[in-house]
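Residues per chain, in single letters:
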Amino acid sequence: MNMRKCAKGHYYDGDVNATCPECAKEMRGGAAYGATEAASGGGFGGIGATEPVSGGGFDEVGATEPVSPMSGGSGGMGDTLPPDPPIGGQGMNTMFAGGGNNGVLDYPDDVTQPITPNQTEGFNPVVGWLVCTDGPDRGNDHRIRAGYNQIGRAEYMDICIRGDYNISREKHALIAYDDQEKTFFFGPSEGKNIVRLNDRMVMMPTEIHPYDILTVGSSKLIFVPLCGEHFDWGR
């Protein structure tokens, strides 16, 4: 028997194993739970954690969000995102019937379908837009649809604001359109940082009007409605 001692103090038979089997088990266990240590030793706690909004900003070293599988990167081990829900709608999480981009969605039987403006099954058209005027997503627009629209940094959110690490991955805020009252509302959801309407803190869903400025994380978005007093899909 050729007993050896590894760097972590484990003893093993060198004639049977070329490397320490206990260390190999620990490495496999860490990978299974996504417990890969940061190479630089810096950064902040949880993988993909929301960076708090602060006056001095934050150090980008170690604070990089893992690249999601959708973007083709190799984000941290164990950071696989759940599959996109087929509702809510824009980008990759929209499934169009017949492959056509005509606003008619093809929903699986076990997915909750939205109450649509004219009560037509699978019809959930755009009712307005958010246009990013300041922040990492500056210049991009985001479609708003009837009902609740969850805002977050993850690709599978109804409204995905990319690159702003002051926004939570999921359900940071929401914007909604009520077809019966023909009004839009904006408010916080489950995000860590405060959201603002025209630079004022919002604590509950609040009615919004054309060209109001919504602040989510470090991004500012201008609200541009389509539906309302002058037009509605239900007419």
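Residues numbered from 1 in each chain as written. Predicted model: local features only at pLDDT ≥ 70, side-chain atom pairs only at ≥ 80, totals over all residues. Heavy atoms only, no water.

1. What to know about the confidence of the model for the chain
Per-residue confidence for the chain gives a mean pLDDT of 75, with 62% of residues at or over 70. Contacts for the low-pLDDT stretch residues 31-47, under 50 throughout, to residues beyond four places or in other chains number 17 contacts. Confidence drops under pLDDT 50 across residues 56-81; counting only partners more than four residues distant or on other chains, this segment forms 40 contacts. (pLDDT = per-residue confidence, 0-100. Contact = heavy atoms within 4.5 Å.)

2. As for the packing of aromatic side chains
Throughout the structure, instances matching the rule amount to four aromatic pairs. With a centroid separation of 4.5 Å and an interplanar angle of 40°, the aromatic rings of Tyr-177 and Phe-184 are classed as tilted. Accessibility assignment for this pair places Tyr-177 and Phe-184 in one class, buried. Chaining the aromatic ring pairs together yields one cluster made of Phe-123, Phe-231 and Trp-233. (Phe/Tyr/Trp six-rings, centres within 6.5 Å; stacked < 30°, edge-to-face > 60°. Buried < 20%, exposed > 50% of the residue type's maximum accessible area, 1.4 Å probe, protein only.)

3. Section: the sheet that holds strand E7 (residues 173-178)
Taking strand neighbours across the sheet as the criterion, the five strands line up as E6-E5-E7-E8-E11 in an open arrangement whose pairing is mixed. Each end of this open sheet is capped by a strand with a single partner; those strands are strand E6 (159-160) and strand E11 (206-208). Across five bridges, the pairing between strand E5 (residues 147-152) and E7 is antiparallel. Of the residues in E7, the one forming a bridge with Asn-149 is Ile-175. (Pairing = 2+ DSSP bridges. Helix = DSSP H or I, 4+ residues; strand = E, 2+ residues; numbered from the N terminus.)

4. Examining the environment of Gly-9
Examined against the element boundaries, Gly-9 turns out to sit in the loop between strand E1 (3-5) and strand E2 (11-13). The exposure class of Gly-9 is partly exposed, given its relative accessible area of 31%. In this structure the C-alpha to C-alpha distance between Gly-9 and Cys-20, which are 11 residues apart in sequence, comes to 9.8 Å.

5. Things to note about the sheet that holds strand E10 (residues 200-202)
Ordered in space as E4-E3-E13-E12-E9-E10, the six strands form an open sheet in which the pairing is antiparallel. Two strands bound the open sheet, and with one partner strand each, they are strand E4 (141-145) and E10. Averaged over all neighbouring strand pairs, the angle between strand axes comes to 35°, with direction disregarded. With six bridges joining them, strand E3 (residues 126-134) and strand E13 (residues 219-225) adopt antiparallel strand pairing. Within E13, the residue paired with Val-131 across the bridge is Ile-222. (Axes fitted to C-alpha atoms, helices over the stretch in contact; angles between N-to-C directions.)

6. So, the side chain of Asp-137
Of note, Asp-137 is situated in the loop between E3 and E4. Buried and unpaired, Asp-137 has Arg-162 as its nearest opposite-charge partner, separated by 5.0 Å. Filtering out sequence-adjacent residues up to four positions away, Asp-137 remains in contact with Cys-132, His-142, Cys-160, Ile-161 and Arg-162. (Lys, Arg positive; Asp, Glu negative; His and termini not counted. Salt bridge = Lys/Arg side-chain N within 4 Å of Asp/Glu carboxyl O.)

7. Observations concerning the pairing of E3
Looking at chain direction, E3 and E4 are connected through five bridges and run antiparallel. In the strand pairing of E4, Leu-130 is matched with His-142. Count of turn residues in the E3/E4 antiparallel hairpin: six residues, of which Gly-135 carries a positive phi of about 125°.

8. Points about unusual backbone geometry
The phi dihedral of Lys-171 is positive, around 50°, even though this residue is not glycine. Structurally, Lys-171 is set in the loop between E6 and E7. Positive phi, normally seen in glycine, also occurs at Tyr-211, with a value near 70°. Position of Tyr-211 relative to the elements: it lies in the loop between E11 and strand E12 (213-216). Judged by its relative accessible area of 56%, Tyr-211 falls in the exposed class.

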